[in-house]
Amino acid sequence: MSSKSLDISILLSSSIHEIKNQINSMIFRLELLQTQHPDSNNEIVFLKQDATHIGNELMRLLALYKLNQKELRPQQIQHGVEDFLEEKSVQHNAACKAKKIAIEYQCDETLAAFFDENLISCIVDTAVHNSLGFAQQHIVLSARKENDFMVLSVEDDGEGYPKDLLAQQDFSNPLESEGSNTGLGLYFASEIAACHENKGISGYIKLGSSDRFGGANFSVYLP
Amino acid sequence: MMKRTIDYHKKKFIIIEDHAEFRSSLKQMMKLFGANNVETATSGDQGISKIIAGNFDIVLCDYELGKGKDGQQVLEETRHSGLLKASSIFVLITAATTVEMVMGALEYEPDGYITKPITHENLKSRLDRIVRDKQAFQEIDKAIDSRKPDLAVEACDKIIAVESKFQIKAYRFKSKLLLKLERYQEAEQLFNDVLEIRYIPWAKLGVGKCAFYDNRHDEAKAIFEELAKEDKRNVEAHDWLAKVYASEQKFELAQKSLLQAVKQSPKSVLRQNELGRVSAITEDWEAGEKAYRKAVSLGKDSCFKSSGNYTGLTKALQNKIKNFKGRPGRDACTEAIRTLEALEKDYGNQKDIALHSTILRGETSANQDKQKEAERYIKKSLKIIEEYGEDLPNHLGIAMAECLEANHQDKEAEEYRKKYDSSLINFDTLNAEGVKYFKAGKFRDAVATFRKATQDPNPSISAILNATQACIKLLETEGPNKLLVKDCTFYFKKLEDIAANDSNFARYKKLHTLYKKYELK
């Protein structure tokens with residue numbers, strides 16, 4: 001018998017890699033199925049969306065673990081924000097279309113910002129996924145500069161966030177929030193935003209209501 | 001602004017992917033947007049040989065390629081040896097969970113990443129983006145492809161001048177060019193400019209590199225140490241720390257840093273080689289053996305393959321051969337012989353290496369107490385050494401001394417010890433010293449110092465060029481001198497294989513033209 005205790009972090013991360021690979025190949029198969037049967041109903045689209053979401057949750061799990069171990073270092077690289085939003089909207093387009101929701105993006109084409117594409121992508125995907133559950137007809141991704149920050153927002157025309165959540169803006173206790181795992185998602189988002197740092201300023205997230213739709217407005221502030 | 005559509009049907013692709021199903025599906029998917037000219041390769045090695053033959057516009061390469069080379073290594077080889085034009089696009093396909101392993105402070109970066117899962121929506125939009133971004137850099141790439149690094153620097157400046165998403169990338173590009181052109185002061189200014197905009201680890205690392213080149217070692221060390229502490233996965237910080245320590249002859253510390261670097265990133269041939277070299281100096285044979293063994297196996301089919309790893313491994317094994325009786329000793333012996341056989345097979349036609357191998361065979365026999373056999377090899381070696389006359393490279397003289405010592409021929413060994421200097425192990429320092437002499441106008445001293453510096457079994461191109469330049473300068477100032485011309489001829493022979501897209505190529509050409517004048521006389 002080995003006297004060494006198992007290194008849980010290696011165990012965890014390699015299982016997550018493994019599952020994530022499986023999911024990736026599953027999505028890939030669905031993708032092929034879709035191209036072979038272009039007239040199929042929306043089931044494949046939904047399956048794909050679900051699988052993608054599971055993949056995202058896994059990514060989140062791994063990132064949260066690393067965060068806890070203080071091993072998470074975002075790769076803050078300069079990106080064209082319009083490119084990023086375009087890609088996100090293309091990615092979610094099929095799922096939105098299947099639900100008869102229009103997804104758009106608005107952004108100055110010259111806007112550039114520093115962020116970890118994978119991590120922020122994960123946050124935006126989760127936000128869009130949530131919006132998909134509430135939106136009536138519209139989801140808008142947008143970005144703008146605001147003082148020292150670049151602000152990424154996901155807005156929808158649903159019923160918006162519950163009042164108490166809006167009033168609190170406290171995401172530090174993921175396990176205390178009731179019901180679904182929104183709490184965990186918000187905790188993750190706020191932690192990821194916070195590890196984006198520039199010259200002593202950290203990022204954060206903000207929940208609000210959408211000016212244009214009156215629905216939910218989820219914003220990430222990146223320094 | 002309307003974005004121009006990209007004519008994918010005009011582009012030549014290669015997909016490097018070990019997973020059969022994924023490979024063919026990816027190809028199918030690409031057909032959907034007009035990419036018809038798509039070749040495939042099932043491994044990194046196959047990919048590289050196809051790239052050499054192919055002239056591709058776009059390479060799509062999976063990071064994880066099962067056994068053998070990974071995608072990052074394929075990228076390094078193709079870019080390092082100029083197998084792919086600068087204007088060609090290299091895309092790395094990664095799983096989101098491995099991306100951070102790949103990205104960051106790496107010398108060679110792909111033109112873009114595509115993260116799995118790949119769907120036809122994101123494949124097309126991501127490729128579009130990568131191709132368009134590459135277009136923004138086409139002036140730079142063209143200048144590099146036509147071997148005009150100075151023009152490439154100017155092209156970078158144009159991008160830097162305008163605020164855009166390309167600004168930082170252009171800075172980074174420019175910094176790499178400046179370092180290659182040895183324009184360290186400008187490079188340092190650039191790194192500081194970037195740090196003004198934002199704290200970015202590579203810019204800070206750059207300041208450290210420039211401090212090192214400017215002989216501000218303490219400052220350099222402090223920077224590298226801070227970076228390594230900040231993120232232990234910053235491999236380059238460890239590498240550079242090792243480099244500074246080695247140049248200060250603090251080999252134990254250098255080894256420690258390299259061990260850290262290897263822990264984070266074990267697949268680099270050059271790093272394993274350096275670890276082997278440093279471990280041999282500190283006589284940590286166990287570590288040396290491990291590092292050289294790794295370097296030999298990683299170097300197979302690689303452009304970084306080098307004879308020094310084979311001789312290094314054999315040398316490191318001697319301790320076991322001599323001191324470990326029974327199984328471990330015998331195994332070490334078998335491995336040493338096998339390694340030398342491989343060395344002779346691949347490099348046997350090179351005189352220096354053939355001699356080195358014979359000497360090491362002698363030492364191996366001597367350490368097994370097979371005196372007769374050892375004497376045979378020693379005799380053979382001495383005969384070859386005679387042919388060299390006074391021109392025996394330093395490292396071979398020392399190898400001979402060690403072999404004779406192993407065979408208890410202390411007196412003969414002593415002769416070699418007197419003549420050849422085992423302190424000539426730090427070639428970087430010698431090179432830097434030569435530069436100092438040259439700058440001070442002491443060309444004679446510079447020539448002598450560079451001559452020692454190029455005794456390095458694997459001298460850098462710029463070190464050889466320095467040596468050549470010093471010789472030519474001395475020819476110019478003191479008139480014709482057969483010995484100096486002979487030196488130059490020797491150096492140019494070493495430079496024969498210089499790649500046309502090497503950043504030193506322009507300098508090489510210039511010196512070669514100057515040399516022609518003297519050669520004819």
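Here is a short report on the structure shown in this document. (Residues numbered from 1 in each chain as written. Chains lettered and ligands numbered in written order. Predicted model: local features only at pLDDT ≥ 70, side-chain atom pairs only at ≥ 80, totals over all residues. Heavy atoms only, no water.)

The next subject is the nonpolar core. Ranked by size, the top nonpolar core spans 48 residues in total, and within it Ile140, Tyr171, Phe191, Val194, Ile200, Trp202 and Phe224 of chain B carry the most contacts. Here Val194 of chain B is in contact with Tyr171, Ile200, Trp202 and Ala203 of chain B, once residues within four sequence places are set aside. With 45 residues, the next largest nonpolar core counts Leu152, Ala189, Cys195 and Leu207 of chain A among its residues. (Core = buried A, V, L, I, M, F, W, Y, C linked by side-chain atoms within 4.5 Å. Buried < 20%, exposed > 50% of the residue type's maximum accessible area, 1.4 Å probe, protein only. Contact = heavy atoms within 4.5 Å.)

All right, on to the state of the cysteines then. The term disulfide refers to a covalent linkage connecting the sulfur atoms of a pair of cysteines. Residues and elements named next belong to chain B. Counted under the stated rule, the structure contains 0 disulfides over all chains. Between Cys303, a free cysteine, and Cys61, which holds the nearest cysteine sulfur, the sulfur-to-sulfur gap is 14 Å. Judged by relative accessible area, which is 33%, Cys303 ranks as partly exposed. Free cysteine: Cys333, not disulfide-bonded; nearest cysteine sulfur from Cys403 at 14 Å. The class of Cys333 is buried, set by a relative accessible area of 9%. (Disulfide = S-S within 2.5 Å.)

This part is about the pattern of salt bridges. Residue and element names in this part refer to chain B. Inspection of the entire model under this criterion finds 52 salt bridges over all chains. Between Lys69 and Asp45 there is a salt bridge, with the nearest N and O atoms lying 2.4 Å from each other. Here the residue Lys69 occupies a position in the loop between β3 (58-62) and α3 (71-80), and Asp45 occupies one in helix α2 (residues 44-54), the gap between them amounting to 24 residues. Lys69 gets classed as buried once you look at its relative accessible area, which sits at 8%. Between Lys221 and Glu248 there is a salt bridge, and its shortest N-O distance comes to 2.9 Å. Remark: Glu248 occurs in the loop between α12 (235-247) and α13 (251-264) and Lys221 occurs in helix α11 (residues 217-230); sequence separation between them is 27 residues. With a relative accessible area of 10%, Lys221 lands in the buried category. (Salt bridge = Lys/Arg side-chain N within 4 Å of Asp/Glu carboxyl O. Helix = DSSP H or I, 4+ residues; strand = E, 2+ residues; numbered from the N terminus.)

Turning to the sheet that holds strand β8 (residues 204-209) of chain A, a few remarks are in order. Residues and elements named next belong to chain A. Overall, mixed pairing links the 5 strands, which are arranged β2-β4-β5-β9-β8 in an open sheet. Looking along the sheet, the strands with just one partner apiece sit at the ends: β2 (102-106) and β8. Neighbour-to-neighbour, the strand axes of the sheet open up by a mean angle of 15°, direction not taken into account. Where strand β4 (residues 138-146) and strand β5 (residues 149-156) come together, 8 bridges link them in antiparallel fashion. Within β5, the residue paired with Arg144 across the bridge is Val151. Those strands touched by helix α3 (residues 81-98) are β2, β4 and β5, and its axis lies near 180° from that of β2. Most of the contacts of helix α4 (residues 117-134) go to β5, to which it runs at about 25°, and overall it touches β2, β4, β5 and β9 (216-222). (Pairing = 2+ DSSP bridges. Axes fitted to C-alpha atoms, helices over the stretch in contact; angles between N-to-C directions.)

On to the side chain of His238 of chain B, then. Residue and element names in this part refer to chain B. Checked against the element boundaries, His238 lands in helix α12. Of the residues examined, His238 reaches a relative accessible area of 6% and is grouped as buried. Of the polar contacts made by the side chain of His238, one reaches the backbone oxygen of Lys232; its length is 3.1 Å. Ignoring any residue separated from it by four or fewer positions in sequence, one finds His238 in contact with Ala228, Lys232, Ser257, Gln260 and Ala261. (Polar contact = N/O pair within 3.5 Å; in protein donor to acceptor, adjacent residues only side chain to side chain.)

A separate point is the packing of helix α1 (residues 8-36) of chain A against helix α1 (residues 20-31) of chain B. Close contact between α1 of chain A and α1 of chain B brings their axes to 11 Å; oriented N to C, the two are set at 40°. The orientation of α1 of chain A with respect to α1 of chain B, classified from their angle, is oblique. The chirality of how α1 of chain A crosses α1 of chain B is left-handed. Residues Phe28, Arg29, Glu31 and Leu32 of chain A of α1 of chain A form the contact with α1 of chain B, whose own contacting residues are Glu21, Phe22, Ser25, Leu26, Gln28 and Met29 of chain B. Broken down by class, the residue content of the contact of α1 of chain A with α1 of chain B amounts to 5 nonpolar, 2 polar and 3 charged. (Parallel < 35°, antiparallel > 145°, perpendicular 65-115°, else oblique. Left-handed = near helix turned anticlockwise from the far one by under 90°. Nonpolar A, V, L, I, M, F, W, Y, C, P; charged D, E, K, R; others polar.)

Turning to the interface of chain A and chain B, a few remarks are in order. Taken together, the 39 residues of chain A in the interface contact 44 residues of chain B. Of the roughly 3500 Å² buried where chain A meets chain B, counting both sides, 49% is carbon and sulfur surface. Across the chain A-chain B interface, the total number found is 14 residue pairs in polar contact (both at pLDDT 80 or more). When residues of the side of chain A that touches chain B are traced back to their parent elements, those giving at least two are α1, α2 (43-68), β1 (77-80), α3, β3 (112-115), α4 and β6 (197-198) of chain A. The element contributing the most residues to the side of chain A that touches chain B is α1 of chain A, with 11 residues. (Buried area = accessible area lost by both parts, 1.4 Å probe.)

In short, geometric facts, not functional conclusions.
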